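Each chain is listed here by its residues.
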Amino acid sequence: MKTSAATAFKYRFRAPGSQPQGDIRYAVGRTTLGLLLIGCSRNGVCAIFFDDDAQVLQEQLAGAFPQAQLQADQAGLRHELDCIIRFADTELCADPIALDIGGSAFEQQVWRALCAIPAGGTRSYAAVAQSLGMSAAARAVARACAANVLALAIPYHRVVRSDGALSGYRWGVQRKRALLAAEAALQHAA
């Protein structure tokens, strides 16, 4: 990508276990990777999901935030949606997008470690666990990665198995492969 996730997004972590404030507005758009849904609380984008079916995207959002009122808002979220689509399609977005990030204390710790992986690079689940000082926690790291609801912004796609092979990805291994290939191509072009 022409920009790193760190410059494309402003990271705001909520208190561990807390929910987003207010209703969650959402919008859906198309990227080269398929459909993308963003969910936005009062404090920023709290969800980014991929799928090929808009109904499945809405179900993912409802499942991630079962107590929230969900409201479609294509017009109101146009700027955020356009920026995240450009980012997904490896283009520069001029304005960083504010994120509203939940999760447990451990999940947030893992997600911060994922954000430290440079674009074009990968780390194994074991290496991420070791970077956190918890070398025996590779499976817990994998569970925290799977709990991530912010595709692209929390770059779970950069985590691979210890042998370097691609493993499960919440939004499909094909998308993971495409994201890694796009980042690697941009790193080689730079």
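It should be noted that the structure appears before, not after, this text.
This one's a predicted model, so the numbers in the text were calculated from it and none came from an experiment. (Residues numbered from 1 in each chain as written. Predicted model: local features only at pLDDT ≥ 70, side-chain atom pairs only at ≥ 80, totals over all residues. Heavy atoms only, no water.)

**Student:** Is there a simple way to think about the pairing of strand 4 (residues 44-51) in this case?
**Tutor:** The side chains of a regular strand alternate, residue by residue, between the two faces of the sheet. When you tally the buried positions in strand 4, you get seven out of eight residues, the bulk of the element. Bridging between strand 3 (residues 34-41) and strand 4 involves seven bridges; their strand directions are antiparallel. Within strand 4, the residue paired with Cys-40 across the bridge is Val-45. Hairpin remark: strand 3 followed by strand 4, antiparallel, with two residues in the connecting loop. (Buried < 20%, exposed > 50% of the residue type's maximum accessible area, 1.4 Å probe, protein only. Helix = DSSP H or I, 4+ residues; strand = E, 2+ residues; numbered from the N terminus. Pairing = 2+ DSSP bridges.)

**Student:** Even after reading the chapter, I still don't get the pattern of salt bridges, so can you show me in this structure?
**Tutor:** Note that side chains of opposite charge can pair when their charged atoms are close. With the rule as written, the count across this model stands at seven salt bridges. The salt bridge involving Asp-73 is made with Arg-25; its shortest N-O contact spans 2.7 Å. Taken as a pair, Asp-73 in the loop between strand 5 (70-72) and helix 3 (78-88) and Arg-25 in strand 2 (residues 24-31) lie far apart in primary sequence, 48 residues in all. Classification of Arg-25 by relative accessible area gives partly exposed; the value is 26%. Each of the salt bridges in this network shares a partner with another, and the network as a whole consists of Arg-12, Arg-14 and Asp-100. (Salt bridge = Lys/Arg side-chain N within 4 Å of Asp/Glu carboxyl O.)

**Student:** Would you mind going over the nonpolar core with me for this structure?
**Tutor:** Across soluble globular proteins, nonpolar side chains have a tendency to be buried as a group. In terms of nonpolar packing, the biggest core is built from 57 residues, with Ile-48 and Leu-114 touching the most fellow members. Elements supplying a minimum of two residues to this core: strand 2, strand 3, strand 4, helix 2 (54-64), helix 3, helix 4 (105-115), helix 5 (125-131) and helix 6 (138-147). (Core = buried A, V, L, I, M, F, W, Y, C linked by side-chain atoms within 4.5 Å.)

**Student:** Teacher, can you tell me more about unusual backbone geometry here?
**Tutor:** Backbone phi values are negative for most residues with the exception of glycine, while trans is the configuration of most peptide bonds. For Leu-152, which is not glycine, the phi dihedral falls at a positive 75 degrees. As for its position among the elements, Leu-152 is in the loop between helix 6 and strand 8 (159-160).

**Student:** Which parts of the structure should I look at to understand the sheet that holds strand 3?
**Tutor:** Across a sheet, paired strands are connected by hydrogen bonds in the backbone, their directions being either parallel or antiparallel. Strand order in this open sheet of four strands is 4-3-2-5, and the pairing throughout is mixed. Edge strands, defined here as strands with exactly one partner in the open sheet, are strand 4 and strand 5. Within the sheet, the average angular offset between the axes of one strand and its neighbour, ignoring direction, is 30 degrees. Taken strand by strand, helix 2 contacts strand 2, strand 3, strand 4 and strand 5, and its axis lies near 135 degrees from that of strand 4. (Axes fitted to C-alpha atoms, helices over the stretch in contact; angles between N-to-C directions. Contact = heavy atoms within 4.5 Å.)

**Student:** Before we go on, may I ask you to explain the side chain of Ser-167 in this structure?
**Tutor:** Assignment of secondary structure puts Ser-167 in the loop between strand 8 and helix 7 (173-189). Engagement of the side chain of Ser-167 in a polar contact is seen with the side chain of Tyr-125, the distance being 3.2 Å. In contact with Ser-167, other than residues within four places in its own chain, are Tyr-125, Arg-161, Val-173 and Lys-176. (Polar contact = N/O pair within 3.5 Å; in protein donor to acceptor, adjacent residues only side chain to side chain.)

Any link to function would need more than the numbers given here.
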